[in-house]
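# Structural overview for review
Each chain, written out:
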Amino acid sequence: MNNPNREAWKDRYSGRERVRMVVETLDEPATVSDIAEEADVAWGTADSELETLVAGNKAEEHTVDGQTRYAPNPVQTLIEEVLDLISENSRDELESTLVEHTAQVESLAEKYEVETASELRNKLVEEDLTTAEMRAIRNAASTWEALETETRLLKHALQLYTDVTQLSDSDSDGHTAIA
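In short, a report on the structure. All figures in this text were calculated on a predicted structure; none of them were measured in a lab. (Residues numbered from 1 in each chain as written. Predicted model: local features only at pLDDT ≥ 70, side-chain atom pairs only at ≥ 80, totals over all residues. Heavy atoms only, no water.)

With that out of the way, let us pick up helix α5 (residues 74-88). Taking 1.5 Å of rise per residue, 15 residues should cover 21 Å, and α5 covers 21 Å from first to last C-alpha, within 8% of that figure. Of the positions making up α5, those classed as buried are V82, L85 and I86. End-on, the buried residues of α5 take up no more than an arc of 100 degrees, which puts them together on one face. Exposed side chains of α5 directed beyond 90 degrees from the buried face belong to S87 and E88. Against the buried residues of α5 lie α6 (91-112) and α8 (131-168). (Helix = DSSP H or I, 4+ residues; strand = E, 2+ residues; numbered from the N terminus. Expected span 1.5 Å × (residues − 1). Buried < 20%, exposed > 50% of the residue type's maximum accessible area, 1.4 Å probe, protein only. Arc of directions from axis to C-beta. Contact = heavy atoms within 4.5 Å.)

Further remarks concern the nonpolar core. In terms of nonpolar packing, the biggest core is built from 15 residues, with V19, V23, I35, V41, A46 and L50 touching the most fellow members. Among the elements of the structure, α2 (15-24), α3 (32-39) and α4 (43-55) are those that each provide at least two residues to this core. Sorting elements by how many residues they give to this core places α3 first, with 4 residues. Counting 14 residues, the second largest nonpolar core, distinct from the first, contains V105, V114, A141 and W144. (Core = buried A, V, L, I, M, F, W, Y, C linked by side-chain atoms within 4.5 Å.)

On to the pattern of salt bridges. Under the defined criterion, the tally for this structure stands at 6 salt bridges. With a closest N to O distance of 2.9 Å, R16 and E49 form a salt bridge. Taken as a pair, R16 in helix α2 and E49 in helix α4 lie far apart in primary sequence, 33 residues in all. Residue class for R16 comes out partly exposed when judged on its relative accessible area of 34%. Its salt-bridge partner being R20, residue E49 comes within 3.0 Å of it at the nearest N-O pair. (Salt bridge = Lys/Arg side-chain N within 4 Å of Asp/Glu carboxyl O.)

On to the pairing of strand β1 (residues 59-64), then. Pairing of β1 with strand β2 (residues 67-72), which is carried by 6 bridges, proceeds in the antiparallel orientation. By the bridge assignment, H62 is partnered in β2 with R69. Turn length for the β1-β2 hairpin, with the two strands adjacent in sequence and antiparallel, is 2 residues, and the turn residue D65 shows positive phi of about 50 degrees. (Pairing = 2+ DSSP bridges.)

This part covers the environment of D84. Assignment of secondary structure puts D84 in helix α5. The class for D84 is partly exposed, based on a relative accessible area of 41%. Taking the C-alpha atoms as reference points, D84 and D27, 57 residues apart in sequence, are found 20 Å from one another.

Written out as structure tokens, the structure reads:
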């Protein structure tokens, strides 16, 4: 707790903000106690904020081994990521990034003579490899999977780009302008 970075985090963000930040970064469902500890807040603060997040569809409850655990709502997360891409990039930038990602995946497929990231991961057990080769394959497969995730997000953003930008352009009366 005497970690200076942790103290700065506590000074900069409220307890409820820290709970939200912890939930947003969870890779697997966590208990109220785990979230409270990570956010450095009282159990009651974490519990109350988690109820608010669940009610607002920002988090989901899961029962694991008889314990309630919380995780970010994947649908809400997807929507927010797509909206962020649209608000931070032009259509041309999104298209260029999509082309770059697709080219990188094609390059990995060609280099390793496979069609999917899964096939690439299978090379780890199917072939006799040195440690360096295994690391390279693991890194390439992770990169491939990340590129596929980004590609899906980019495609969603491009599909919704016109609708979202038109809906977010409002006239002075507060009505939505549809061009």
